[in-house]
Amino acid sequence: MRGYVWNQRFLPRIFAVWGYAGDCRVPGSRRGEMILRVPFAALIGVHCAREDPEFGKVLVDFAHLSSVQILTAYLLSEVAKSCSSRWFSYLRHNPQVHHSLPHFSAMEAEELQVEDAISMAKSSLEDTQRQWRETSSLLSRLRLPRKFTTFKAWLWAAATISSRTLHVPWDDAGVLCPIGDLFNYDAPIERTMSSRNEDDELEFTNRLTDGGYETSISSYCFYARRSYKKGQQALICYGQYTNLELLEHYGFLLPDNPCDVIYIPLPSPEEFGLKSTGDKSERQHNLAAYCIEASGKPSFSLLQQLRLRAVPASLRKSHGYMASQGLPISRESDQLVFLWLQKKCQKLLEKLPTTIEQDERALEQLEKSTSSGSCGVERHKLAIKWRLGYKTILQRCLTYSKGESLGFE
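Residues numbered from 1 in each chain as written. Predicted model: local features only at pLDDT ≥ 70, side-chain atom pairs only at ≥ 80, totals over all residues. Heavy atoms only, no water.

Some thoughts on the overall build of the protein chain
Next up, step 1: If you tally the helices and strands in the protein chain, you get 13 helices and 12 strands.
Next up, step 2: Considering only residue pairs separated by 6 or more positions, the protein chain has 70% of its internal contacts joining residues 24 or more positions apart.
Next up, step 3: Of the accessible surface of the protein chain, which amounts to about 21,200 Å², a share of 52% is contributed by carbon and sulfur atoms. (Helix = DSSP H or I, 4+ residues; strand = E, 2+ residues; numbered from the N terminus. Contact = heavy atoms within 4.5 Å. Areas by Shrake-Rupley, 256 points an atom, 1.4 Å probe, with all protein chains shown as cover.)

Following this line, the structure appears as structure tokens:
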């Protein structure tokens, strides 16, 4: 691994078949310590495609292609070279099977049960197909063996790029980072300021707690995001993702993802027994802000908007500032808010064809199945796990709203 720099206290055992990305275990490290430095020369990105004599010569006629399309095509061209590729040792250990949303068949997508999730699976596949069609002329000009120009090959390469690339400031496609992309995912850790504690003498900011490309040393550097004991797996955070987004881009999900949410359309005043005034505050805004959080509690923005909509327009103008401060406008209106949330969650749960208990039994049966491990079964399990998480959040919100409603009696 010429050019790589490992912290001498961090000599991990790496197993490419464990988990989704890989497995990096440590003998012990302190929070904020650098654990790996990967030099620029080892990174695989669009810059490699442009510098490649053969690929770069053909690429000049395809300036309209995106960076992601170029990197995906370059990956296929390198895989096609087999052992003559400079990246052969790395490429031969990449996963051969992916379970991200574009791989879901129409039947597998239906197992997600929720309309928005099914729609996302469909649009992800359509987008992958579009990118392949747009790049087919480039693949043809490269004279790759036919099996590397099929949609099946493109689907694999696109999933590899989506799930394994790391962010760099100079290219939207990111880069493949040998060894560096073996770290598994961990959800974001909330930190609002630089910190120092008794177990860690290092002061650091969020910039240093996971990893990133550092121009001063022309390397991609990785840092311990927490203090690790001997034998613990070192993890990095790819970003803040819901489970559906993790499934779309990476093909896995977290059992209890703190970043998971359920987006909720805002109700009309009529749903609270009030007349609509056509006021701009009654219009739908950014849906992403109005959600039920993983804990089952409504987000601050959702609760604020519900409180504004549960009161007459006159009270909204004179006391709306209270909702902006996270306070109830009135006891009666807050009771209406939590009763609405309770009914909304109940309605969404009843709309789905199976219950939490039924999903748990189905998942248990699949785990015991003799065909467990096959692509179809694995994606079926992922679909059930995702909808279980969705229903669990709704159930938590239902329980929370009931408790808040009872507090007004």
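Text resumes after the structure shown.
Some thoughts on the state of the cysteines
Next up, step 1: Counted according to the given criterion, the structure contains 0 disulfides.
Next up, step 2: Lacking any disulfide linkage, cysteine 237 is separated from the closest cysteine sulfur, that of cysteine 259, by 7.0 Å.
Next up, step 3: Free cysteine: cysteine 397, not disulfide-bonded; nearest cysteine sulfur from cysteine 345 at 3.5 Å. (Disulfide = S-S within 2.5 Å.)

Regarding the pairing of strand 4 (residues 171-176)
Working note: regular strand, side chains alternate between the two faces of the sheet.
Next up, step 1: With 5 of its 6 residues buried, strand 4 lies for the most part within the structure.
Next up, step 2: Of the strand pairs in this sheet, strand 3 (residues 165-168) and strand 4 are connected by 3 bridges, and their pairing is antiparallel. Counterpart to valine 168 in the pairing with strand 4 is aspartate 171.
Next up, step 3: Taken together, strand 3 and the strand that follows it, strand 4, pair antiparallel across an intervening segment of 2 residues. (Buried < 20%, exposed > 50% of the residue type's maximum accessible area, 1.4 Å probe, protein only. Pairing = 2+ DSSP bridges.)

A few points about the layout of surface pockets
Next up, step 1: There is about 820 Å³ of room inside the largest pocket.
Next up, step 2: Taken together, 40 residues make up the lining of the largest pocket; nearest its centre are Ile161, Ser162, Ser163, Thr165 and Tyr250.
Next up, step 3: Among the residues making up the lining of the largest pocket, the classes are represented as 19 nonpolar, 15 polar and 6 charged.
Next up, step 4: Its boundaries defined by the atoms lining it, the second largest pocket holds a volume of some 680 Å³.
Next up, step 5: As for the second largest pocket, its lining consists of 24 residues, and the residues nearest its centre are Val114, Asp116, Ile262, Tyr263 and Tyr390.
Next up, step 6: Broken down by secondary-structure element, the contributors of at least two residues to the lining of the second largest pocket are helix 6 (115-141), helix 8 (243-249), strand 11 (261-263), helix 11 (331-351) and helix 13 (375-406). (1 Å grid on protein atoms, 1.4 Å probe; cavity = no way out; pocket = protein on both sides within 12 Å on 5 of 7 lines; lining within 4 Å. Points joined across faces, edges and corners; volume = space filled by probe spheres on them. Nonpolar A, V, L, I, M, F, W, Y, C, P; charged D, E, K, R; others polar.)

Honestly, it's all geometry; don't read function into it.
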